[in-house]
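# Geometric and topological summary
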Amino acid sequence: MSNAQGRPTSIGDSSKHHKPTFTGNRGLQMEEPLIFEYGRPEVSGVDLAEPEPFKMRLNGLHRQEAIGLPGLSEPEAMRHYVRLSQKNYSIDAGLYPLGSCTMKHNPRLNEAMARLPGFADVHPLQPLQSVQGALELIQDLSHWLMALTGMAAVALSPKAGAHGEACGMMAIKAAIAARGEAETRKIVLVPESAHGTNPATAALIGFTVRAVPAGPDGIVSTKAVADLLGPDVAAIMLTNPNTCGLFEREIIEIAQKVHEAGAYFYCDGANFNALVGKVRPGDLGVDAMHINLHKTFSTPHGGGGPGAGPVVLSQRLAAFAPVPFVRADSDGLHLVEDARGTQAFGRMTAFHGQMGMFVRALSYILSHGADGLQQACEDAVLNANYIKACLSDVMSMPFGERHCLHEVLFDDEWLKGTGLTTLDFAKAMIDEGYHPMTVYFPLVVHGAMLIEPTETESLASLNLFIATLRDLAFAAKNGEQDRFISAPHYAPRRRLDETGAARNPVLRWSPPKALTGERV
Ligand SMILES: *Cc1c(COP(=O)(O)O)cnc(C)c1O
């Protein structure tokens, strides 16, 4: 936050240990105003010639006021964006233990491959004969994804996990409509522990969501599902491994019951990194599952994109996959773009999906090979269990008696009597230079702390992380409240009004009159 002159307000003057500085900067931690506060409308980074005299032909509809865009010199613009970029915490900067999100290292080999001009510079409207290599890459990636999951088809175009959920559920909806049951099968079963995108997807596609209660052991029981099944149920959306980091042990029986009831089995495969090379979802009875390339296959998580969430489909759903898809003919590879004459439900994206992500994911797969993928999966599970074992004497776990898979779930039982919450603990981690773990999710566990180290952390890195959490846990139990209550002390901002930001978001900056005079 800063005022109109670009001077930081007191929100930035955070540390009780230090006097506020004149600039508001703290060492190399720079305050950064909005570009609108920083730029001046009369400044331009480029010199434009005065236009020749001309006659306006917009019939009086042209803009009457100054547009008020901020102008900056080239070095000012450069510094603004570089400073903003440095405010991001990223997997390239440190350990990012965000459970369920799988923040693993993005190998630089993938980046080098994605920058090859033959991949980086292709245009989606290029003649097919000139992009045969790109189509072959799409086919190879499809082959790997189908082989690793044991499924019959894959739709590559969805652009995120949640988009993939929509794709899979639309295929299910199309299959149900083709059976003439569109009017009767309207219910989708979603366990209470599911990621919020699952019920949101089902509702968006027009289904009614019915919650499946989680059992005391953190998994969904066949009985709980069977009790809710009936001729009105279209599908179940089940996450495996689930968001408690546990393998759904009854998944095969659940799939059988779901199929017997005439419904489809959607699996949320966001956590496929804990299964790849070990279990094929197709063998479990799954009909549709999205894969987050940015989780399992190490493509970068961007600020909202570009992501990729391919969906694998069983034989029962394959025909309903959206266009486009690649087909091999005697004269080369073709893209089937026209849904007419097929059972495809339509298309998910304007073009073919995120080519750059396909290249990165295939690079990751090929550089690991089948055995390497299996090893990565085993190491991810080993690392999570190592953290579990090293913290089990100081932090409480709801399902501690079972080994976890790729992530370990703690609750806030161990904070009882300290006056501190999960949030306080997470904020204190920021002072120690760690991005907090996932907190308060899954909802089925009180004060949840979900830690996913991934396979890419070294033993030394894990040990430092564990030592830090142990130190914080002892401090919490020894009444060192100051370390927590007002944390983070060293971050650019301290506790934010997150509820206010969600309920009354200020999405538009309006210029103070002093900046633009009467023109606004
Ligand atoms: C990440 C995640 C999603 C959503 O994936 P996006 O790519 O973020 O849209 C869905 N379900 C689970 C369990 C996840 O972890």
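Quick note: structure is the one above.
A brief structural summary. (Residues numbered from 1 in each chain as written. Predicted model: local features only at pLDDT ≥ 70, side-chain atom pairs only at ≥ 80, totals over all residues. Heavy atoms only, no water.)

## Things to note about the overall build of the chain
Scanning the chain from N- to C-terminus turns up 17 helices and 12 strands. Taking 2.2 N^0.38 as the reference for a compact globule, 520 residues should give roughly 24 Å; the C-alpha atoms of the chain span a radius of gyration of 26 Å, in line with that estimate. In terms of principal-axis extent, the alpha carbons of the chain reach across some 75 × 70 × 45 Å. Split into buried and exposed, the 520 residues of the chain put 47% on the buried side. When contacts within the chain are restricted to residue pairs at least 6 apart in sequence, long-range pairs at least 24 apart make up 70% of them. One way to put it: in the chain the 45 positive side-chain charges average out to a point 5 Å from where the 55 negative ones average out. (Helix = DSSP H or I, 4+ residues; strand = E, 2+ residues; numbered from the N terminus. Rg over C-alpha atoms; globule rule 2.2 N^0.38 Å. Buried < 20%, exposed > 50% of the residue type's maximum accessible area, 1.4 Å probe, protein only. Contact = heavy atoms within 4.5 Å. Lys, Arg positive; Asp, Glu negative; His and termini not counted. Charge placed at Lys NZ, Arg CZ, Asp CG, Glu CD.)

## Describing the nonpolar core
Counting 58 residues, the largest nonpolar core has Leu145, Leu189, Val225, Phe265, Phe297 and Phe358 as the members making the most contacts within it. Put simply, the parts of the chain that give this core at least two residues each are helix 5 (132–149), strand 2 (187–191), helix 8 (222–226), strand 4 (233–239), helix 9 (251–260), strand 5 (264–268), strand 9 (332–336) and helix 12 (355–391). In terms of residue count, helix 12 provides more of this core than any other element does, 12 residues in total. The contact partners of leucine 145, leaving out residues within four places of it in the chain, are Val154, Leu156, Ile291, Phe297, Pro310, Val312 and Ile365. With 30 residues, the next largest nonpolar core counts Ile387, Met397, Tyr434 and Met449 among its residues. (Core = buried A, V, L, I, M, F, W, Y, C linked by side-chain atoms within 4.5 Å.)

## Some remarks on the site of the ligand
Neighbouring the ligand are the residues Ser100, Ala160, Gly161, Ala162, Glu165, His195, Thr197, Asp268, Ala270, Asn292, His294 and Lys295. The backbone of glycine 161 places a nitrogen or oxygen atom 2.7 Å from an oxygen atom of the ligand. Contacts to the ligand include histidine 294, whose side-chain N or O atom sits 2.7 Å from an oxygen atom. The element contributing the most residues to the shell around the ligand is helix 6 (residues 161–178), with 3 residues. (Near = heavy atom within 4 Å. Polar contact = N/O pair within 3.5 Å; in protein donor to acceptor, adjacent residues only side chain to side chain.)

## Thoughts on helix 12
The end-to-end C-alpha separation of helix 12 is 41 Å, well short of the 54 Å expected for 37 residues at 1.5 Å each. A bend of about 100° at glycine 369 is the largest found in helix 12. (Expected span 1.5 Å × (residues − 1). Bend = angle between axes of the 7 residues up to and from the residue.)

## Some points on the pattern of salt bridges
Counted according to the given criterion, the structure contains 23 salt bridges. With its nearest N and O atoms 3.1 Å apart, the salt bridge here joins aspartate 287 to arginine 316. Of this pair, aspartate 287 sits in the loop between helix 10 (281–284) and strand 6 (288–290) while arginine 316 sits in helix 11 (residues 315–318), and the two are 29 residues apart along the sequence. Here glutamate 413 and lysine 416 are joined by a salt bridge, their closest N and O atoms 3.2 Å apart. Its relative accessible area of 62% is what places lysine 416 among the exposed residues. Members of the salt-bridge network, linked through shared partners, are Glu432, Asp471, Glu480 and Arg483. (Salt bridge = Lys/Arg side-chain N within 4 Å of Asp/Glu carboxyl O.)

## A look at the packing of aromatic side chains
Applying the stated rule across the entire model yields 6 aromatic pairs. Centroid distance phenylalanine 36 to tryptophan 509: 5.3 Å. Interplanar angle 25°. Geometry classified as stacked. With phenylalanine 36 in helix 1 (residues 35–38) and tryptophan 509 in the loop between helix 16 (498–503) and helix 17 (513–516), this pair connects stretches of sequence that are 473 residues apart. Tryptophan 509 sits in the partly exposed class, given a relative accessible area of 26%. (Phe/Tyr/Trp six-rings, centres within 6.5 Å; stacked < 30°, edge-to-face > 60°.)

## Some thoughts on the side chain of glutamate 457
One can find glutamate 457 in the loop between strand 12 (449–451) and helix 14 (459–477). With no salt bridge to any partner, buried glutamate 457 finds its closest opposite charge in lysine 104, at an N-O distance of 12 Å. Glutamate 457 has contacts with Ile91, Leu95, Asn383 and Leu462, leaving out every residue within four places of it along the chain.

## Looking at the environment of alanine 134
For alanine 134, the position within the fold is in helix 5. Assessed through its relative accessible area of 10%, alanine 134 is described here as buried. Each C-alpha atom, one on alanine 134 and one on glycine 118, is 7.9 Å from the other, the two residues being 16 residues apart in sequence. Among all residues touching alanine 134, those that are not within four sequence positions of it are Phe119 and Met355.

## What about the pairing of strand 5?
Counting buried positions along strand 5 yields 5 of 5 residues, so the element is predominantly enclosed. The two faces of strand 5 match: Tyr264, Tyr266 and Asp268 on one face and Phe265 and Cys267 on the other face are all buried. Bridging between strand 4 and strand 5 involves 5 bridges; their strand directions are parallel. From the neighbouring strand, alanine 235 faces strand 5, where its bridge partner is tyrosine 264. Handedness of the crossover is the feature at issue here: the chain leaves strand 4, passes through helix 9, returns alongside strand 5, and the resulting connection is right-handed. (Pairing = 2+ DSSP bridges. Right-handed = clockwise from strand over helix to strand, strands pointing away.)

## Remarks on the pairing of strand 2
Taken across its 5 residues, strand 2 has 5 buried, putting it largely inside the fold. Of the two faces of strand 2, the one carrying Ile187, Leu189 and Pro191 and the one carrying Val188 and Val190 are both buried. Relative to strand 3 (residues 208–212), strand 2 runs parallel, the two being bridged by 5 bridges. Bridging across to strand 3, valine 188 finds its partner in valine 209. The parallel pair strand 2 and strand 3, bridged by helix 7 (residues 197–204), forms a crossover whose chirality is right-handed. In the sheet, strand 2 pairs with strand 4 via 3 bridges, with the strands oriented parallel.

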